[in-house]
Amino acid sequence: MRRSSIALLAAAVLVTAAACGDDKPAAAPAAPAVDAAAPGEGALRVLAADGMDIASVVPAFEAATGCKVTVEPQGSSADVVRRASATDVDVFAVSGDAVLSLAVAGAAAPLPGGADDDVVPAVRRAGERDGDRFGVPFAWGPEYLLATRRAFPVPPTSYDALYDPAYAGRIAVPDDPLQLAVAAVVLDARDPYALDARDLDAAAELVRRQRPLVREYWSDPADLAALFADGRIVLGQARGKVAADLASVGVSATVPAGPALAWSSWFVIANAAPHPRCAAKWRNYTLGPSTQIALARAAGGAPAVRAACAIEGSAICAADRLDDQAFLSSLRVARTPLEPTGIAAWEQAWSAARR
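Overview of the structure. (Residues numbered from 1 in each chain as written. Predicted model: local features only at pLDDT ≥ 70, side-chain atom pairs only at ≥ 80, totals over all residues. Heavy atoms only, no water.)

Topic: the side chain of arginine 283
Okay, step 1: Considering the arrangement of structural elements, one finds arginine 283 in helix 10 (residues 276-286).
Okay, step 2: Beyond its immediate stretch of four places on either side in the chain, arginine 283 contacts Ala36, Leu111, Pro112, Val136 and Ile269. (Helix = DSSP H or I, 4+ residues; strand = E, 2+ residues; numbered from the N terminus. Contact = heavy atoms within 4.5 Å.)

This is the structure:
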């Protein structure tokens, strides 16, 4: 779609947007300080969302600390958040857009000051609230705009393409309320994850207008691959391994120009961890650059600490964009929408708009 057309559509969308009230949840309480240098309790229980591949770094941690790791798969990050009140969990492994949900529920222990100073600030922001920092990011990556090489010898460079009527019925996007952030970027929102009521309504209106263009809202990567493989779609959106695996079926993956949206994966120490010293040791271990690199590669992303560059070397560091300050300054990593509207309002807006 031409930029002028998008501008007209954005103007029309903004006119139809209406204001609604704020929803500000309470802050999470602080946990007592824990001495990570003291001997551990001998056990660590991790509640992990699907896709959190941490097995490769567990043996070295167990050998170094004596903390035996048990990982309990739990479905989606939303399913993990529903277990936030569990008292038998030391660490939650979730996507970055769930971290602040755990914090608001009082389930996340704030990090000690300075613990994560080497984390890329744009990634770290997904775990910041009211002056506290929650969790350790261990992988991140951009959201990719996907296009078949046959239909697009020159790949599109803007999310505008996902709203172009020229491709009606040949577009697939994730079935996720955070798709409202993509619409917000198209509408030039300053912060796509902190929308006020008017901006949220505007983003929802753009999604509603996009609905006739979308062939499928996908949740299973296999479904997305099948849609591309048999030619039913020519445009889509995905991240990490999902995007990389589609190269074999003639699909290019590009980072759109302008503000770059991104995903991340995190460990969040439980506020009521039954093994707090082992949990603190895990926090420090997973902030280490070698551990970060191993976890990030398993997740199909980049490490979140800048010290990884000294181990990776300049070429890989550049590919991970850990030294690309211009790119990092434009990065908007998905986080729990809290103020001024709240995740419940996002979920309701998404459900109504994509019907």
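That covers the picture; the talk isn't over yet.
Details of the packing of helix 2 (residues 58-65) against helix 10
The axes of two packed helices give the description: the angle between them and the distance between them.
Okay, step 1: Relative to each other, helix 2 and helix 10 sit at 125 degrees, their axes nearing to 11 Å. Judged on the interaxial angle alone, helix 10 and helix 2 are oblique. As helix 2 packs across helix 10, the resulting crossing turns out to be right-handed. The residues of helix 10 that touch helix 2, namely those facing Val58, Ala60, Phe61 and Thr65, are Cys278, Lys281, Trp282 and Tyr285.
Okay, step 2: For the contact of helix 2 with helix 10, the class distribution of residues is six nonpolar, one polar and one charged. (Axes fitted to C-alpha atoms, helices over the stretch in contact; angles between N-to-C directions. Parallel < 35°, antiparallel > 145°, perpendicular 65-115°, else oblique. Left-handed = near helix turned anticlockwise from the far one by under 90°. Nonpolar A, V, L, I, M, F, W, Y, C, P; charged D, E, K, R; others polar.)

Looking at the pairing of strand 9 (residues 235-239)
Okay, step 1: Among the five residues of strand 9, four are classified as buried, and the element is accordingly described as predominantly covered.
Okay, step 2: Two elements, strand 6 (residues 136-148) and strand 9, share five bridges in a ladder whose sense is antiparallel. Counterpart to leucine 145 in the pairing with strand 9 is glutamine 237.
Okay, step 3: The pairing of strand 7 (residues 171-174) with strand 9 spans two bridges and is parallel. Residue pairing for strand 9: isoleucine 171 is matched across the bridge by leucine 235. (Buried < 20%, exposed > 50% of the residue type's maximum accessible area, 1.4 Å probe, protein only. Pairing = 2+ DSSP bridges.)

Structural notes on the packing of helix 6 (residues 179-186) against helix 7 (residues 197-210)
Okay, step 1: With their axes 8 Å apart at the nearest point, helix 6 and helix 7 run at an angle of 100 degrees to one another. Judged by the inter-axis angle, helix 6 sits roughly perpendicular to helix 7. In contact with Leu180, Ala183, Ala184 and Val186 of helix 6, helix 7 contributes Leu200, Ala203, Ala204, Leu206 and Val207.
Okay, step 2: Per-class residue counts for the contact of helix 6 with helix 7 are nine nonpolar, no polar and no charged.

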